2 protein chains.
Amino acid sequence: VSAPAASAGSDDDRMARVALSRLVEPGDHRVVSLVAELGAVKLRELLSQDPESSGLRTDVHARLPTLDPERDLDLATRQGIRFVTPGDDEWPSRLDDLMRAEILQERVGPPLGLWVKGPLRLDQLAESVAVVGSRSSTTYGDDVAAAISAVVASSGRPVVSGAAFGIDVAAHRGALSMEGPTVAILACGADRDYPMAHQALLRHLAKTCAVISELPPGCAPTRGRFLSRNRLIAALTRGTVVVEAAVRSGALNTANWAGRLNRPLMGVPGPVTSGPSQGVHQLVRSGAATLVTNGAEVLEVVGDSGSHLVEAPHAPARPRDRLSRRLAQVLDAVPVASPAPVDSIASAAGIGLVEVSSALTNLHRNGLVERSQSGWRLAPAAQL
Amino acid sequence: VSAPAASAGSDDDRMARVALSRLVEPGDHRVVSLVAELGAVKLRELLSQDPESSGLRTDVHARLPTLDPERDLDLATRQGIRFVTPGDDEWPSRLDDLMRAEILQERVGPPLGLWVKGPLRLDQLAESVAVVGSRSSTTYGDDVAAAISAVVASSGRPVVSGAAFGIDVAAHRGALSMEGPTVAILACGADRDYPMAHQALLRHLAKTCAVISELPPGCAPTRGRFLSRNRLIAALTRGTVVVEAAVRSGALNTANWAGRLNRPLMGVPGPVTSGPSQGVHQLVRSGAATLVTNGAEVLEVVGDSGSHLVEAPHAPARPRDRLSRRLAQVLDAVPVASPAPVDSIASAAGIGLVEVSSALTNLHRNGLVERSQSGWRLAPAAQL
């Protein structure tokens, strides 16, 4: 009796998904499971016929007839917002990970679709990196977030964050400072400027990159929606960097999602005396996050295995590096403080008197030892 | 023809060890291996009979007759310095790890004995913790080193360090601030005040705890002796904490020794923008060191398994923590910014109108939501 299931990507499928996304909160695992089983069109149909069949609340049944998805889509289009569904070419395949059984057990699944304002295609997020953190960040945290984001965006990888105060906005701005791609994922409609203080930033992102939301235009941010949004940030990106995070914070919620989704999780350390770094230190201590200190190390983690290898930092070369093994052996036996005669240096070095004497002359010529009445000692240039 | 081998701990053994320790640099692996095989007395005898038999340099043979170990010991005793050998009760058994084959491959072995100035028995070091780091430390590093050392010493565990400028002296002082035990291990004779600026500290340690050296009294510090001293710091302690360390530094040398000796290695993070923290971040990144942020976490690592468990830091309780699951569900659906009417909150919460309405009244009474003409929104107290 029902019409044949509309294929994913069809107009019917799109309309059904818009309608369903108005009915339930983001990622509602019951609706997501039913859509996976029956298709969105069929589910919408069943819900309008039989309120009990779905196991959903009866208010869903009551609200269904009041919806007007065609008008929703039309209004969105006029605001420059498109609704991307799993049937679309640009749909980011990473979101499929949200269908895994262990994720559905958390009573949450993938989005029914994503509302996108901006020219960036969602499949370009495949190589993106999330940079998130505390809203009550320190200047140190902001600076490091911006520096890391600048390097990530310079490599062509979009920097994904949540447009919140603190680390989020520092991350967006760091990417923009290099004219690199950066994307905001919101906990309210993609048409809303939240927080209001970031209106100019959000409009710029919508014009040049993308502002993304799982919620239909007009929806207000709630705590529940922030938590759902955090799972999207983790799911859409290749890895997540937490810059500063208080012990209980939204950033740690995103970090947990990255862990559940097997995405590399990275943490930037800070002073142990700094509250906003406590959460990050916990993540590193527990083994959940890899410690990173700059953008190159982030690229090493999210890059293809073996690419972007970072050379470990090394100290500048010292004069003693250029010495032969024998000369270094003599130098290592020269006293640091009070001068000693040649014979005592020779016995400490375990090398004969004549050789040590000529070695000391050589070292003296190179400014590495000092000579006095009572013997030889290290010159300042050769101090440890 | 030779006398029967003197047993370890005998006066002959002690004298032979004093003589040998005057002949070679600390931890000379050839002498150490021969002592292990033949005993110190026999080796001394052989060296004086046949310069070639030992494979040691002939200058050893030439210098042997000039030595006067009895006088050395006598002079040391008058300075309040005792020579502790493997035959003595207080000999720290941890040093046996330096006899392991993979350590001897590094061309270095255990000390022939230790010169000790101070009342602390060496076997009390069994539970000690090394706190080491950069001589060019920051105020941040000094403060954290002192705070960690204060906690470690308060637990009764000696804090071991090298009496150098920077982190070392901060560690000693942190322990002393709690009147806890702390021990300096030097790269020169235990009678020498090096560095001179720490004369008062070293004399205080020698009076109340211990100043230890592998080198006979009078010996001057050399670069080679600093490196040997670092192996002793790692070997004598249960674990090593590195507070700040430049990329190439003595502290990292101590850290490497801790690794080779399978001692727990801990690193204190700092700002990624701080040079002295770079070396520590490398240790944590490479997996060589565990990140620690305070003394309790250090005790957790070095304590007996399961003791000293640290409770993860947690944020102060928030008003919403006390809510029932249903009330929290309603609160999570209340807009953060612009107020919304009851019915939109009810549909976001997925809960019936009547229940939501009474829940909002309850939340309002608890100061978690605000009411206005256009509906409800979160009160500041309930903001994320």
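Attention now moves to the side chain of Ser213(A). Residues and elements named next belong to chain A. Structurally, Ser213 is set in strand β6 (residues 210-213). A distance of 2.7 Å separates the side chain of Ser213 from the backbone oxygen of Cys188, its partner in a polar contact. In this structure the side chain of Ser213 is engaged in a polar contact, spanning 2.9 Å, whose partner is the backbone nitrogen of Leu215. If near-sequence neighbours (up to four positions away) are discounted, Ser213 is found in contact with Leu114, Trp115, Leu186, Cys188, Gly189 and Ala190.

Aromatic ring pairs are defined here through the distance separating the ring centres and the angle between the ring planes. Inspection of the entire model under this criterion finds four aromatic pairs over all chains. Ring plane angle 45° and centroid distance 4.4 Å describe the contact between Phe83(B) and Trp115(B), whose orientation is recorded as tilted. Taken as a pair, Phe83(B) in strand β1 (residues 81-84) and Trp115(B) in strand β2 (residues 114-117) lie far apart in primary sequence, 32 residues in all. Of the two residues, Phe83(B) and Trp115(B), neither departs from the other in class, the shared state being buried. Ring geometry for Tyr194(B) against Phe226(B): centres 6.2 Å apart, planes inclined by 55°, an arrangement best described as tilted. In this pair, Tyr194(B) is assigned in the loop between β5 (182-185) and α9 (199-208) and Phe226(B) in helix α10 (residues 223-236), connecting sequence segments 32 residues apart. Above the ring of Trp257(A), the side-chain terminus of Arg260(A) is found at 4.4 Å from the ring centroid.

Now for the packing of α10(B) against helix α11 (residues 250-260) of chain B. Residues and elements named next belong to chain B. Interhelical geometry of α10 versus α11 gives an angle of 50° and a closest axis separation of 8 Å. As summarised for this structure, α10 and α11 are arranged oblique, according to the angle between their axes. Handedness of the α10/α11 crossing: right-handed. Every residue of α11 that contacts α10 at Leu227, Asn230, Arg231, Ile233 and Ala234 is listed here: Gly250, Asn253, Thr254, Trp257 and Ala258.

Note on sheets: strands pair through backbone hydrogen bonds, and any given pair is parallel or antiparallel. All names here are of chain A. Judged by pairing direction, the sheet is mixed, and its nine strands sit side by side in the order β1-β2-β6-β5-β4-β3-β7-β8-β9 without closing on themselves. The sheet is open, and its two borders are formed by β1 (81-84) and β9 (290-291), each paired with just one other strand. Judged from the two bridges that link them, strand β8 (residues 265-267) and β9 form a sheet pairing that is parallel. By the bridge assignment, Gly267 is partnered in β9 with Leu291. Packing against the sheet, helix α13 (residues 295-302) makes contact with β3 (129-132), β7 (239-242) and β8, and its axis sits at approximately 165° to β8.

Quick look at the pattern of salt bridges now. All chains considered together, the criterion is met by 38 salt bridges over all chains. Among the ionic pairs, Arg82(A) bridges to Glu90(A), the shortest N-O distance being 2.9 Å. Judged by relative accessible area, Arg82(A) falls into the partly exposed class, the value being 26%. The exposure class of Glu90(A) is buried, given its relative accessible area of 12%. Asp28(B) serves as the salt-bridge partner of Arg30(B), at 2.6 Å between the closest nitrogen and oxygen. A relative accessible area of 33% means that Arg30(B) is categorised as partly exposed. You can call Asp28(B) buried: its relative accessible area is 14%. Each member of the salt-bridge network shares a partner with another, and the members are Asp97(A), Arg100(A) and Arg263(A).

With an RMSD of 0.1 Å, the operation that places chain A on chain B is a rotation of 180° combined with a shift of 0.0 Å along the axis. In the structure described here, the two chain copies are related by an operation that fits a two-fold rotation axis. Taking the C-alpha atom as reference, chain A places Gly270(A) closest to the rotation axis, 2.4 Å from it. By residue overlap, the copies meet face to face through one surface: 100% of the interface positions of chain A are interface positions in chain B.

All names here are of chain A. Here chain A shows a mean pLDDT of 90. Residues at 70 or above account for 95%. Confidence drops under pLDDT 50 across residues 1-5; counting only partners more than four residues distant or on other chains, this segment forms four contacts. On the interface metric, ipTM, the complex scores 0.84, and its pTM is 0.86.

Between chain A and chain B, the contact holds 55 residues from the first and 55 residues from the second. Both sides together, the interface formed by chain A and chain B hides about 4,700 Å², and carbon and sulfur atoms give 57% of it. Across the chain A-chain B interface, the total number found is six salt bridges. Put simply, Glu300(A) and Arg285(B) hold a salt bridge, and the shortest N to O gap is 3.2 Å. Remark: the boundary between chain A and chain B carries 18 residue pairs in polar contact (both at pLDDT 80 or more). Elements represented by at least two residues in the side of chain A that touches chain B include exactly α4 (58-63), α7 (139-154), α10 (223-236), α12 (275-285), α13 and α15 (342-349) of chain A. Each residue belonging to the side of chain A that touches chain B can be placed in one class, and the counts come to 26 nonpolar, 13 polar and 16 charged.

Now for the state of the cysteines. All names here are of chain A. Following the criterion strictly, the structure yields zero disulfides over all chains and no others. The thiol of Cys209 is unpaired, and the distance to the nearest cysteine sulfur, on Cys188, comes to 18 Å. Taking relative accessible area as the criterion, Cys209 reaches 6% and is therefore assigned buried.

Bringing the environment of Gly141(B) into the picture now. All names here are of chain B. Position of Gly141 relative to the elements: it lies in helix α7 (residues 139-154). Here Gly141 falls in the buried class, since its relative accessible area comes to 0%. Each C-alpha atom of the pair Gly141 and Arg229 lies 22 Å from the other, and the pair is 88 residues apart in sequence.

The subject of this paragraph is helix α9 (residues 199-208) of chain A. All names here are of chain A. Of the residues making up α9, those classed as buried are Leu201, Leu202, Leu205 and Ala206. All buried residues of α9 fall inside an arc of 135° around its axis, so they share one side. More than 90 degrees from the buried face of α9, the exposed residues found are Ala200 and Lys207.

Attention shifts here to the sheet that holds β2(B). Residues and elements named next belong to chain B. Sheet architecture is open: nine strands sit in the order β1-β2-β6-β5-β4-β3-β7-β8-β9, paired in mixed fashion. Of all strands in the sheet, those bounded by a partner on one side alone are β1 and β9 (290-291). Against the sheet, α9 touches β2, β5 and β6 (210-213), its axis set at about 100° to β6. Where α11 meets the sheet, it contacts β3 (129-132), β7 (239-242) and β8 (265-267), and its direction lies at approximately 150° from that of β7.

Turning our eyes to something else, we now look at the environment of Gly218(A). For Gly218(A), the position within the fold is in the loop between β6 and α10. For Gly218(A), the contacting residues outside a window of four places in its chain are Gly189(A), Asp191(A) and Arg192(A).

As a further point, take a negative patch on the surface. On the surface, a cluster of negative charge is contributed by Asp11(A), Asp12(A), Asp68(A) and Glu70(A). Residue position: Glu70(A) is located in helix α5 (residues 69-78).

On a regular strand, one side chain projects to one face of the sheet and the next to the other, so that they alternate. Residue and element names in this part refer to chain A. Taking every second residue as pointing to the same face, both faces of β6 are buried, with Ala210 and Ile212 on one and Val211 and Ser213 on the other. As paired strands, strand β2 (residues 114-117) and β6 are joined by three bridges and run antiparallel to one another. Bridge pairing in β6 links Lys117 to Val211. With four bridges connecting them, strand β5 (residues 182-186) and β6 associate as parallel partners.

Scoring rules and cut-offs
- Residues numbered from 1 in each chain as written.
- Chains lettered and ligands numbered in written order.
- Predicted model: local features only at pLDDT ≥ 70, side-chain atom pairs only at ≥ 80, totals over all residues.
- Heavy atoms only, no water.
- Helix = DSSP H or I, 4+ residues; strand = E, 2+ residues; numbered from the N terminus.
- Polar contact = N/O pair within 3.5 Å; in protein donor to acceptor, adjacent residues only side chain to side chain.
- Contact = heavy atoms within 4.5 Å.
- Phe/Tyr/Trp six-rings, centres within 6.5 Å; stacked < 30°, edge-to-face > 60°.
- Buried < 20%, exposed > 50% of the residue type's maximum accessible area, 1.4 Å probe, protein only.
- Lys NZ or Arg CZ within 6 Å of the ring centre and 35° of its normal.
- Axes fitted to C-alpha atoms, helices over the stretch in contact; angles between N-to-C directions.
- Parallel < 35°, antiparallel > 145°, perpendicular 65-115°, else oblique.
- Left-handed = near helix turned anticlockwise from the far one by under 90°.
- Pairing = 2+ DSSP bridges.
- Salt bridge = Lys/Arg side-chain N within 4 Å of Asp/Glu carboxyl O.
- Least-squares fit on C-alpha atoms with pLDDT ≥ 70 in both.
- pLDDT = per-residue confidence, 0-100.
- Buried area = accessible area lost by both parts, 1.4 Å probe.
- Nonpolar A, V, L, I, M, F, W, Y, C, P; charged D, E, K, R; others polar.
- Disulfide = S-S within 2.5 Å.
- Arc of directions from axis to C-beta.
- Patch = residues over 30% accessible without salt bridge, like charges linked within 9 Å, V, L, I, M, F, W, Y side chains within 5 Å.
- Areas by Shrake-Rupley, 256 points an atom, 1.4 Å probe, with all protein chains shown as cover.
- Lys, Arg positive; Asp, Glu negative; His and termini not counted.
- Charge placed at Lys NZ, Arg CZ, Asp CG, Glu CD.

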